Amino acid sequence: MPEKRNKTAVCIKKDSLSVAIRTENGSVLGDIFTLVMEIKNISFGKANKFIHKILGLKYEFKTKKLKEDIEKKDPLQIFKKVKRHKYIVNKDIPVYDNSCLKEYIKLPHINWVREGIMPFACERFNIGYSYDRKRIVIPERKWDGDDNEYIGIGGRTTIENYELLDIPKYFKLSDTYPKGNNIYGLNENYKTIQETGYVVVFESQKSVLKRYSRKDGTGTSIGNCEITGEQVKILLSLNVGIILCFDEGIDINHIRKECDKFYPIRNIYYMYDIWGLITKGSKDSPADLEDKKYRFMLKHKVKYDANERKLYKDWQEKQKKN
């Protein structure tokens, strides 16, 4: 470590590049990225670029202005998307700098504060508000980018009875971007995930913010209950345990299907409410529970092992016969 004499303070396993850093305040666990983050006191995105530079690798993403993208927008784009049923993996998605946030007010909305999303969480994730659109602004950082690199901006309406008024609950405030190429919250929570040795995968961004508000930086969001091929690659690259934590009402065999995408490469688990802690039909997430109940579910998570896989395969065969 810089300005230290203990040569065994940093231990790196050559087979996996996992790292243990011994400091005066205890041990810091992680990988080669968290080592750089700790020594240079920089974000995950900056550490990623730094390592690219050391290894002589190109950092392929270029930041562009949101205005440029709007000017180049295809007027027929809405028609071209009609038959699109799956996420298209496109690594050349545009990345915007923080100038795309200038028209929004960086202020937590009272509705979310009442739900338990703290101002410090809103500040970390750059949550804002749009008075013109009456929406909570949710910027999405590129998972392996710098703090000021965004792939798009979403907005959640604050208008009551929005369904009756035919107003969408969520609406993209920037140009359409393929969420299936990114994982929300991973940029901000990367270091904690490496230190704890596991990542929790939620459906919604709100779940990530609620857990962060409870000083739990292990959450990420995929935007729905189906993990794309690109998201699978990203999660596998973390080299940690993976815990799926989907909303209430998702069929257990669908959860097992998503678990099977990681088996047997990583230890894969899922959280499933068999105790009735979540109100049926509410579509709530375990992250909506009080902290004590959430941690109870986390403690009793189910490991997707050979027996679980057999249950899933038997169900698959039964579906084929029907």
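Since the model is a prediction, treat every value here as computed from it, not as a measurement.

Undergrad: Please explain the pairing of strand E3 (residues 26-31) as it appears in this structure.
TA: Every regular strand shows the same layout, with side chains that alternate between the two sheet faces. For strand E2 (residues 18-23) and E3, the ladder comprises 6 bridges, and the chain directions are antiparallel. Bridge pairing in E3 places Ser18 opposite Asp31. The loop that links E2 with its antiparallel partner E3 comprises 2 residues.

Undergrad: Just checking my understanding: could you explain the sheet that holds E2 for this structure?
TA: Pairing between the strands of a sheet is mediated by backbone hydrogen bonds and can be parallel or antiparallel. Strand order in the open sheet formed by 3 strands is E1-E2-E3, and the pairing between neighbours is antiparallel. The sheet is open, and its two borders are formed by strand E1 (10-12) and E3, each paired with just one other strand. For this sheet, the mean inter-axis angle between neighbouring strands, taken without regard to orientation, is 15 degrees. Sheet contacts for helix H1 (residues 32-40): E1, E2 and E3; angle to E3, the most-contacted strand, approximately 130 degrees.

Undergrad: Just to check I follow, could you spell out the side chain of Arg256 for this structure?
TA: When you line up the elements, Arg256 lands in helix H10 (residues 252-259). Classification of Arg256 by relative accessible area gives buried; the value is 10%. Excluding residues within four positions of it along the chain, Arg256 makes contact with Tyr270, Tyr304, Glu308, Leu311 and Tyr312.

Undergrad: In this structure, what is going on with helix H12 (residues 306-321)? I would like to understand it.
TA: Because each turn of an α-helix spans 3.6 residues, side chains separated by three or four positions end up pointing in the same direction. Here H12 is 16 residues long and its end C-alpha atoms lie 23 Å apart, about the 22 Å a rise of 1.5 Å per residue gives. With a side-chain oxygen lying 3.2 Å from the backbone nitrogen of Asn307, the N-terminal cap of H12 falls on Asp305.

Undergrad: Would you explain the nonpolar core in this entry?
TA: In a soluble, globular protein the nonpolar side chains are often hidden away together inside. Within the largest apolar cluster, 32 residues are counted, with the highest numbers of intra-cluster contacts made by Leu186, Leu235, Leu238, Ile242, Leu244 and Phe262. Those elements giving two or more residues to this core turn out to be H1, helix H2 (44-54), helix H7 (186-196), strand E10 (198-202), helix H9 (229-237), strand E12 (241-245), H10 and strand E13 (268-270). If you tally residues by element for this core, the top one is H9, at 4 residues. With sequence-adjacent residues up to four places away left out, Ile242 is seen in contact with Val199, Val201, Leu235, Phe262, Arg266, Asn267, Ile268 and Tyr269. By size, the runner-up hydrophobic cluster in this structure holds 25 residues, among which are Ile138, Tyr184, Val200 and Val208.

Undergrad: Help me understand unusual backbone geometry in this model?
TA: Across residues other than glycine, the phi torsion is negative in most instances, and most of the peptide bonds are trans. Between Tyr263 and the following residue, Pro264, the backbone shows a cis peptide bond with an omega angle of -5 degrees. Assignment of secondary structure puts Pro264 in the loop between H10 and E13. A positive phi is found at Asn161, a non-glycine position, where the angle reads about 55 degrees. On the secondary structure map, Asn161 appears in the loop between strand E8 (150-157) and strand E9 (170-172). Its identity as a non-glycine residue notwithstanding, Lys215 has a phi of 60 degrees, on the positive side.

Undergrad: Can you walk me through the confidence of the model for the chain in this structure?
TA: Regions with low pLDDT should not have their predicted coordinates read in detail. With 89% of its residues at a pLDDT of at least 70, the chain reaches an overall mean of 87. The low-confidence segment residues 66-90 (pLDDT under 50) makes 21 contacts with residues lying over four places distant or belonging to another chain.

Undergrad: Any chance you could explain the pattern of salt bridges here in plain terms?
TA: Once the charged atoms of two side chains with opposite charge are near each other, the side chains can pair. Overall, the coordinates contain 19 salt bridges when judged by the stated rule. For Asp291, the salt bridge identified is with Arg211, shortest N-O distance 2.8 Å. Taken together, the positions of Asp291 in helix H11 (residues 291-299) and Arg211 in helix H8 (residues 205-213) put the pair 80 residues apart, joining distant regions of the chain. When its relative accessible area of 0% is taken as the criterion, Arg211 is described as buried. In this structure, the salt-bridge partner of Glu258 is Lys257, at a minimum N-O distance of 3.8 Å. Relative accessible area serves as the criterion here: at 30%, Lys257 is assigned to the partly exposed category.

Undergrad: I tried to follow the sheet that holds E10 on my own but got confused; where do I start?
TA: What the 5 strands build is an open sheet, ordered E11-E10-E12-E13-E14; its pairing is mixed. Every other strand in the sheet has two partners, leaving strand E11 (219-221) and strand E14 (302-303) as the edge strands with one partner each. Judged from the 3 bridges that link them, E12 and E13 form a sheet pairing that is parallel. Note that in E13 the partner of Ile243 across the bridge is Tyr269. Against the sheet, H8 makes contact with E10 and E11, and its axis sits at roughly 165 degrees relative to E11, the strand it touches most.

Undergrad: How should H9 be read in this particular structure?
TA: All of the buried residues in H9 are Glu230, Gln231, Val232, Ile234, Leu235 and Leu236. Residue Asn239 follows H9 closely and has a positive phi angle near 60 degrees.

Undergrad: Is there a simple way to explain the packing of aromatic side chains in this structure?
TA: For any pair of aromatic rings, geometry is given as the distance between the ring centres together with the angle between the planes. This structure, assessed with the given rule, holds 12 aromatic pairs. For the ring pair Phe33 and Tyr190, a centre distance of 6.0 Å and an interplane angle of 85 degrees mean the geometry is edge-to-face. With Phe33 in helix H1 and Tyr190 in helix H7, this pair connects stretches of sequence that are 157 residues apart. Pairing Phe202 with Tyr294 gives two aromatic rings, centres 6.4 Å apart and planes at 40 degrees, and the pair type is tilted. Here Tyr294 lies in helix H11 and Phe202 lies in strand E10, a separation of 92 residues in the sequence. Sitting over the ring of Tyr294, Arg211 keeps its end group 3.8 Å from the ring centre. Between the NZ or CZ atom of Lys301 and the centre of the ring of Tyr269, over which it lies, the distance is 5.2 Å.

Thresholds, definitions, all that
Residues numbered from 1 in each chain as written. Predicted model: local features only at pLDDT ≥ 70, side-chain atom pairs only at ≥ 80, totals over all residues. Heavy atoms only, no water. Pairing = 2+ DSSP bridges. Helix = DSSP H or I, 4+ residues; strand = E, 2+ residues; numbered from the N terminus. Axes fitted to C-alpha atoms, helices over the stretch in contact; angles between N-to-C directions. Contact = heavy atoms within 4.5 Å. Buried < 20%, exposed > 50% of the residue type's maximum accessible area, 1.4 Å probe, protein only. Expected span 1.5 Å × (residues − 1). Polar contact = N/O pair within 3.5 Å; in protein donor to acceptor, adjacent residues only side chain to side chain. Core = buried A, V, L, I, M, F, W, Y, C linked by side-chain atoms within 4.5 Å. pLDDT = per-residue confidence, 0-100. Salt bridge = Lys/Arg side-chain N within 4 Å of Asp/Glu carboxyl O. Phe/Tyr/Trp six-rings, centres within 6.5 Å; stacked < 30°, edge-to-face > 60°. Lys NZ or Arg CZ within 6 Å of the ring centre and 35° of its normal.

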